[in-house]
Amino acid sequence: MSTVTYITSSSSSSSQESSLSQSNANNKFHNLSLDLASIDNSDSSEDGMLLPGHSRESSYSDISSDGGGGYYDRFARHRQRSVDAWYLIENYLLTRHNFKVVISFLFWFISYMIMGVFGGSVAFLHFERRDKDVPDPLPDFGYDIIPYYCPTIQHVPHSNVQSVVLFILYALILSGVALRWKPRYHPKTGTVIWGGDGRLILQHMFHLNCLVFLSRTTTVGLTGLPQPNPKCVEQQHFPVTFGNALMFVMGRGFPPHACGDLVYSGHVGCTLICMAVLHRHGFLKNKLAAILVWLVAVIGIYFTISCRSHYSVDVVLAFYFGYFLPEWYFNRSDGRVRGRMSRWIKRLEVRPSDLRRLDYDADNEGGERGGGTDAPQYPSTISV
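Residues numbered from 1 in each chain as written. Predicted model: local features only at pLDDT ≥ 70, side-chain atom pairs only at ≥ 80, totals over all residues. Heavy atoms only, no water.

### Digging into the overall build of the protein chain
A count of helical and extended segments in the protein chain gives 13 helices and two strands. Looking at the protein chain as a whole, 36% of its 384 residues qualify as buried. Here the analysis covers contacts within the protein chain between residues at least 6 apart in sequence; of these, 78% occur between residues at least 24 apart. As presented, the protein chain carries roughly 23000 Å² of accessible surface, and 63% of it is formed by carbon and sulfur atoms. (Helix = DSSP H or I, 4+ residues; strand = E, 2+ residues; numbered from the N terminus. Buried < 20%, exposed > 50% of the residue type's maximum accessible area, 1.4 Å probe, protein only. Contact = heavy atoms within 4.5 Å. Areas by Shrake-Rupley, 256 points an atom, 1.4 Å probe, with all protein chains shown as cover.)

In structure tokens, the structure reads:
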């Protein structure tokens, strides 16, 4: 009897202990749920303290809400802009065709410097020095017909009208180069219907000027003539060395300034070269435009004699060179005359047929840039 009672008490005590442990577990779970609820309440209260337009998710990862994206959106946009910039540089600037134009410019610049050193400086060293306070020119029919008149134009190299005329013609050519730099293609046939010859126009101007500079270098310093320009009177009193002449011509800035560089006129030669380029590429198809541009060119040629910058024979020789040099060059550029020089010119020139359509077709730009999609390649939000 006592044994049964003992077993029953032990079983009851064990049941009580199990109930107590279960109640303690329930109390702990209840306390845990209360703690989570308090955390949720504190989170909601903190979210209410955030500024409008901000969320707690963005505050965890320090992501701003500009443009509807965060750090990865900004990174993707920055990466896309970098890719676009490199594509522009690689496909529009650092190209083989643009490199050819740079080579043509270097030829132009080197030829100009050669003319300044071995042409203008030698002519300044070589022309006759006299003690008179006025020029003592040779007899000239142009001076007999055209009186001396040379207005000074400030802030212009050489400060004369013929220089302004030459700059106007260069500006017209450069404007045409900019307008016709990119070709336009026929939507169906894919052939060039307009433009694309901007590089070729620029190269023609550079190459023809090179011929003028180099040919003038061979003539301007051979024979020293009495200089006719009243602005150079002070320079005709004192003999100089080649170092002094080089400093006077090349050391006073660009472009070089000289006195006594007469045969033949570089201003008139370059003016006629500009006219040849304008006619060659169809800038003067309109008769009114042709008349106006030729009128500007004639004004520059007139003031070359009126300012006594050159003798009349210098201007006449410039007409010969201005006509025959383009004829010599374009015959080889067009392949009518074959030879080593013709092949060299063809390799250097950039023609519209040499350009790829994909370089200028806006519809194909996306395909050339690795898919051309602007969608970010990284997730724009982070789940916290």
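### Some points on the state of the cysteines
As used here, a disulfide is simply a covalent bond connecting the sulfur atoms of two cysteines. According to the stated counting rule, one finds two disulfides in the structure shown. A disulfide bridge connects cysteine 150 with cysteine 307, and the sulfur atoms are separated by 2.2 Å. Sign of the S-S torsion, about 90° for the bond between cysteine 150 and cysteine 307, identifies this disulfide as right-handed. A residue pair is termed long-range when its members are at least 10 positions apart, and cysteine 150 in the loop between α5 (141-145) and α6 (161-179) and cysteine 307 in the loop between α10 (287-306) and α11 (312-333) qualify at 157 residues. Paired through a disulfide, cysteine 232 and cysteine 259 show a sulfur-sulfur distance of 2.0 Å. Taking the torsion about the sulfur-sulfur bond, which here is approximately -75°, the covalent link between cysteine 232 and cysteine 259 counts as left-handed. With a gap of 27 residues between them, cysteine 232 in the loop between α7 (198-220) and α8 (242-250) and cysteine 259 in the loop between α8 and α9 (266-280) connect regions that are remote in the sequence. Accessibility expressed as a relative area gives 5% for cysteine 232, which makes it buried. When the cysteines engaged in disulfides are numbered in sequence order, the protein chain pairs them as 1-4, 2-3. With no disulfide of its own, cysteine 270 lies 6.8 Å from the sulfur of cysteine 274, the closest cysteine sulfur. Classification of cysteine 270 as buried rests on a relative accessible area of 5%. (Disulfide = S-S within 2.5 Å.)

### Section: the pattern of salt bridges
Tallied over the entire structure, the rule returns seven salt bridges. A salt bridge links aspartate 261 to arginine 216; its shortest N-O distance comes to 3.4 Å. Placement of aspartate 261 in the loop between α8 and α9 and of arginine 216 in helix α7 is noted, with a sequence separation of 45 residues between them. Both residues of the pair, aspartate 261 and arginine 216, belong to the buried class. Connected via shared salt-bridge partners are Glu128, Arg130 and Asp136. (Salt bridge = Lys/Arg side-chain N within 4 Å of Asp/Glu carboxyl O.)

### Considerations on α10
Residue pairs spaced three or four apart in an α-helix point in one direction, given the helix's 3.6 residues per turn. With 20 residues, α10 should reach 28 Å at 1.5 Å per residue; the first-to-last C-alpha distance of 28 Å fits that figure. Of the positions making up α10, those classed as buried are Ala290, Val293, Ala297, Gly300, Ile301, Phe303, Thr304, Ile305 and Ser306. Against α5, α6, α9 and α11 lie the buried residues of α10. The opening residue of α10, the one whose side-chain oxygen lies 2.9 Å from the backbone nitrogen of leucine 288, is asparagine 286. (Expected span 1.5 Å × (residues − 1). Polar contact = N/O pair within 3.5 Å; in protein donor to acceptor, adjacent residues only side chain to side chain.)

### Looking at the side chain of glutamine 203
Inspection of the secondary structure puts glutamine 203 in helix α7. Using a relative accessible area of 0% as the deciding quantity, one classes glutamine 203 as buried. A polar contact is formed between the side chain of glutamine 203 and the backbone nitrogen of valine 350, at a distance of 2.8 Å. Aside from chain neighbours lying at most four places away, what touches glutamine 203 is Lys100, Val101, Ser104, Leu348, Glu349 and Val350.

### Side note on the confidence of the model for the protein chain
Mean pLDDT for the protein chain: 77, with 72% of residues reaching 70 or above. For residues 1-16, every residue scores under 50 in pLDDT, and the model assigns this stretch zero contacts once sequence neighbours within four places are set aside. (pLDDT = per-residue confidence, 0-100.)

### Here's the deal with helix α4 (residues 96-126)
Across its 31 residues, α4 extends 44 Å between first and last C-alpha, which sits within 8% of the 45 Å expected from 1.5 Å per residue. Of all the bends in α4, the largest measures some 30° and sits at glycine 116. (Bend = angle between axes of the 7 residues up to and from the residue.)

### Things to note about the nonpolar core
The biggest cluster of nonpolar side chains holds 48 residues, and the ones touching the most others in it are Leu169, Ile173, Val212, Phe213, Met275 and Leu278. Contributions of two or more residues to this core are made by α4, α6, α7, α9, α10 and α11. Residues in contact with leucine 278, not counting those within four places in the same chain, are Leu169, Ile173, Phe283, Leu284 and Val293. In this structure, Cys232, Ala245, Val249 and Cys259 belong to the second largest nonpolar core, which totals seven residues. (Core = buried A, V, L, I, M, F, W, Y, C linked by side-chain atoms within 4.5 Å.)

### Description of the environment of phenylalanine 206
Locating phenylalanine 206 in the fold gives a position in helix α7. In the structure, phenylalanine 206 is positioned 103 residues away from isoleucine 103 in sequence and 9.9 Å away in space, judged by C-alpha atoms. Ignoring any residue separated from it by four or fewer positions in sequence, one finds phenylalanine 206 in contact with Val101, Ser104, Phe105 and Trp108.

### Structural notes on the packing of aromatic side chains
A complete count under the given rule lists 16 aromatic pairs for this structure. Seen in terms of ring centroids, phenylalanine 105 and phenylalanine 206 are 5.8 Å apart; in terms of plane orientation they differ by 65°. Their pairing is edge-to-face. In this pair, phenylalanine 105 is assigned in helix α4 and phenylalanine 206 in helix α7, connecting sequence segments 101 residues apart. Look at phenylalanine 206 and you get buried, because its relative accessible area is 9%. With 5.7 Å between their ring centres and 40° between their planes, phenylalanine 107 and tryptophan 344 make a pair best called tilted. With phenylalanine 107 in helix α4 and tryptophan 344 in helix α12 (residues 340-348), this pair connects stretches of sequence that are 237 residues apart. (Phe/Tyr/Trp six-rings, centres within 6.5 Å; stacked < 30°, edge-to-face > 60°.)

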